[in-house]
Amino acid sequence: MTRFEHEPEKNSEGETLRQSLEDYIAFLGDLVSHELEVILPTQWMVPENLQQAMKYSLMAGGKRLRPLLVIIACEALGGSREAALPVAAAIEMVHTYSLIHDDLPAMDNDDYRRGKLTNHKVFGEATAILAGDALLTHAFYSVVQASRKFGVPAESVLSIVEDLAEMAGPRGMVGGQIADMEGEQGLTDLEQLKYIHLHKTGDLIIFSLLAGGRIAGANEHQLEALHKFGTAIGLAFQIQDDILDLVGDEGKLGKKTGSDVKQHKVTYPYFIGLEASREEVKQLTETARNAVLNGGFHDNQRMLEIADYLMARDH
Ligand SMILES: CC(C)=CCC/C(C)=C/COP(=O)(O)OP(=O)(O)O
Ligand SMILES: C=C(C)CCOP(=O)(O)OP(=O)(O)O
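Small disclaimer: the values here were computed from a predicted structure and weren't measured.

Rules used throughout
Residues numbered from 1 in each chain as written. Chains lettered and ligands numbered in written order. Predicted model: local features only at pLDDT ≥ 70, side-chain atom pairs only at ≥ 80, totals over all residues. Heavy atoms only, no water. Phe/Tyr/Trp six-rings, centres within 6.5 Å; stacked < 30°, edge-to-face > 60°. Helix = DSSP H or I, 4+ residues; strand = E, 2+ residues; numbered from the N terminus. Buried < 20%, exposed > 50% of the residue type's maximum accessible area, 1.4 Å probe, protein only. Lys NZ or Arg CZ within 6 Å of the ring centre and 35° of its normal. Axes fitted to C-alpha atoms, helices over the stretch in contact; angles between N-to-C directions. Parallel < 35°, antiparallel > 145°, perpendicular 65-115°, else oblique. Left-handed = near helix turned anticlockwise from the far one by under 90°. Contact = heavy atoms within 4.5 Å. Nonpolar A, V, L, I, M, F, W, Y, C, P; charged D, E, K, R; others polar. Near = heavy atom within 4 Å. Polar contact = N/O pair within 3.5 Å; in protein donor to acceptor, adjacent residues only side chain to side chain. Areas by Shrake-Rupley, 256 points an atom, 1.4 Å probe, with all protein chains shown as cover. Patch = residues over 30% accessible without salt bridge, like charges linked within 9 Å, V, L, I, M, F, W, Y side chains within 5 Å. Salt bridge = Lys/Arg side-chain N within 4 Å of Asp/Glu carboxyl O. 1 Å grid on protein atoms, 1.4 Å probe; cavity = no way out; pocket = protein on both sides within 12 Å on 5 of 7 lines; lining within 4 Å. Points joined across faces, edges and corners; volume = space filled by probe spheres on them.

Let us look at the packing of aromatic side chains. One pair of aromatic rings is described through two measures. These are the centre distance and the angle between the planes. For the structure shown, the criterion picks out three aromatic pairs. Aromatic side chains Tyr 56 and Phe 123 sit 5.5 Å apart centroid to centroid with 70° between the ring planes, which places their arrangement in the edge-to-face category. Of this pair, Tyr 56 sits in helix α2 (residues 48-58) while Phe 123 sits in helix α5 (residues 119-123); the two residues are 67 residues apart in sequence, bridging distant segments of the chain. For Tyr 56, a relative accessible area of 17% puts it in the buried group. Summarising the aromatic geometry, the rings of Tyr 270 and Phe 271 are spaced 5.9 Å apart at their centres and angled 80° between planes, so their arrangement reads as edge-to-face. Across the ring face of Tyr 24, the terminal group of Arg 302 is positioned such that the distance to the ring centre comes to 4.1 Å. Residue placement shows Arg 313 over the ring face of Phe 237; its charged tip is 3.7 Å from the ring centre.

A word on the packing of helix α3 (residues 65-76) against helix α9 (residues 190-215). Interaxial distance between α3 and α9 falls to 7 Å at its minimum, and their mutual angle equals 30°. In this view, α3 runs roughly parallel relative to α9, as classed from their interaxial angle. When you trace α3 past α9, the crossing you get is right-handed. Here Leu 65, Arg 66, Leu 69, Val 70, Ala 73 and Cys 74 of α3 lie close against α9, whose contacting residues are Leu 204, Ile 205, Ser 208, Leu 209, Gly 212, Gly 213 and Ile 215. Broken down by class, the residue content of the contact of α3 with α9 amounts to nine nonpolar, three polar and one charged.

Assignment of secondary structure puts Phe 237 in helix α10 (residues 220-247). Taking relative accessible area as the criterion, Phe 237 reaches 9% and is therefore assigned buried. Placed 193 residues apart in sequence, Phe 237 and Trp 44 show a C-alpha to C-alpha distance of 37 Å. Excluding its chain neighbours within four sequence positions, the residues that come into contact with Phe 237 are Lys 63, Leu 65, Arg 66, Thr 201, Ile 205, Leu 310 and Arg 313.

Around ligand 1, 15 residues are found, and the nearest of them are Asp 102, Asp 108, Arg 113, Lys 200 and Lys 255. The separation between an oxygen atom of ligand 1 and a polar side-chain atom of Asp 108 is 3.0 Å. Taking Lys 200, its side chain carries an N or O atom lying 2.7 Å from an oxygen atom of ligand 1. Isolated, ligand 1 exposes 520 Å² of accessible area, and the fraction of that covered by the protein chains is 91%. Within the residue set of the shell around ligand 1, elements represented by two or more residues are α4 (81-102), α8 (173-183), α9 and α10. Of the residues forming the shell around ligand 1, the biggest block, four residues, is contributed by α4. Per-class residue counts for the shell around ligand 1 are three nonpolar, five polar and seven charged.

What follows concerns a nonpolar patch on the surface. Where nonpolar side chains cluster on the molecular surface, the patch consists of Met 107, Ile 178 and Met 181 and spans about 230 Å² of accessible area. Structurally, Met 107 is set in the loop between α4 and β1 (112-113).

Our next topic: the environment of Gly 62. With respect to the helices, strands and loops of the structure, Gly 62 is situated in the loop between α2 and α3. Assessed through its relative accessible area of 19%, Gly 62 is described here as buried. Sequence separation of Gly 62 and Gly 258 is 196 residues, and the distance between their C-alpha atoms is 20 Å.

Inspection of the region around ligand 2 gives Gly 62, Lys 63, Arg 66, His 95, Leu 99, Arg 114, Thr 201, Phe 237, Gln 238 and Asp 241 as its neighbouring residues. Within the side chain of Arg 66, a nitrogen or oxygen atom sits 2.8 Å from an oxygen atom of ligand 2. The separation between an oxygen atom of ligand 2 and a polar side-chain atom of His 95 is 2.8 Å. For ligand 2, whose free accessible area comes to 390 Å², the fraction covered by protein is 89%.

Turning next to empty space enclosed by the protein. In the structure shown here, the tally under the stated rule is three cavities of 30 Å³ or more. In this structure, the largest cavity encloses a volume near 80 Å³. Residue classes in the lining of the largest cavity are distributed as five nonpolar, four polar and four charged. Size it by volume and the second largest cavity reaches roughly 50 Å³. Lining the second largest cavity are Ile 233, Ala 236, Phe 237, Val 281, Thr 285, Ala 307, Leu 310 and Met 311.

Roughly 770 Å³ of internal volume is contained in the second largest pocket. Surrounding the second largest pocket, 27 residues form its lining, Phe 27, Leu 31, Glu 75, Arg 81 and Glu 82 being those nearest its centre. Contributions of two or more residues to the lining of the second largest pocket are made by α1 (21-39), α3, α4, α6 (125-150) and α15 (301-311). Top contributing element to the lining of the second largest pocket by residue count: α1, with six residues. Broken down by class, the residue content of the lining of the second largest pocket amounts to 13 nonpolar, four polar and ten charged.

What follows is the structure in structure tokens.
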């Protein structure tokens, strides 16, 4: 059996000891990276260059926030961590594809991501586009493995596939991304910006929480609470990204700051100022905490901790 660097300790009775949030996050990150290694199509006849390009960005050291949310939501509802892993890996593939494409010259034209050269800088534009396409497609294969390997009911997997297509596609992240690009010509109100943030970034976060809930067999009330929690932290996460683009540390972020201003992107700080943006992140975190407290979950602790952790993040 694979052992992981951040595996929790056991006491003399063999009971697993509770970890600090940081250790718990690091341990889940190890599990997700391992799952990604397992699920990548290395046994298949895949051209070597494509394999390398997919792996390069997946293993470049992202925070693994979305997979973490799949697992935390699943555990908060008493579900199995193991059964959540294929979907956790899938959402990281979709997120990574979106970053590879977002960095392309036709979009944000960025040279650094996750502290390394962007995919197209290393592999060329055509391969970067195809690596993104391959990650998106392979994500659906991974979701299905939740049923094949861990017996998650086919009906739940069907809902997860439906949510993923809806939230990553034209009504979700892709819709948000195009609105973001068009917004570079000038946004006139905060509602338009909220739409962009909620779809470009919020939808994958909402998807992750709902998927974790579905794997654990959540009821309608619990799914609604997860949706509320995701909407609030999704928006807060992107506002924090806007703030960090202005005042963050490039070393910690692993990407260049100041790119929103350079690309004439209208952001929360642009509309309402830095302090009011910080206050908004605080308010949204409170909304997220309340959703958890009223959600009727099996265990609220990690959900509450992750909301506070995200509010204070510096990378
Ligand atoms: C369909 C596609 C390509 C979707 C991209 C979605 C997305 C969240 C990009 C990063 O946003 P950002 O540009 O605000 O963040 P960063 O500063 O990390 O580039
Ligand atoms: C949605 C946004 C703001 C793009 C970056 O997302 P993350 O900040 O989660 O990026 P990684 O840690 O996965 O690289």
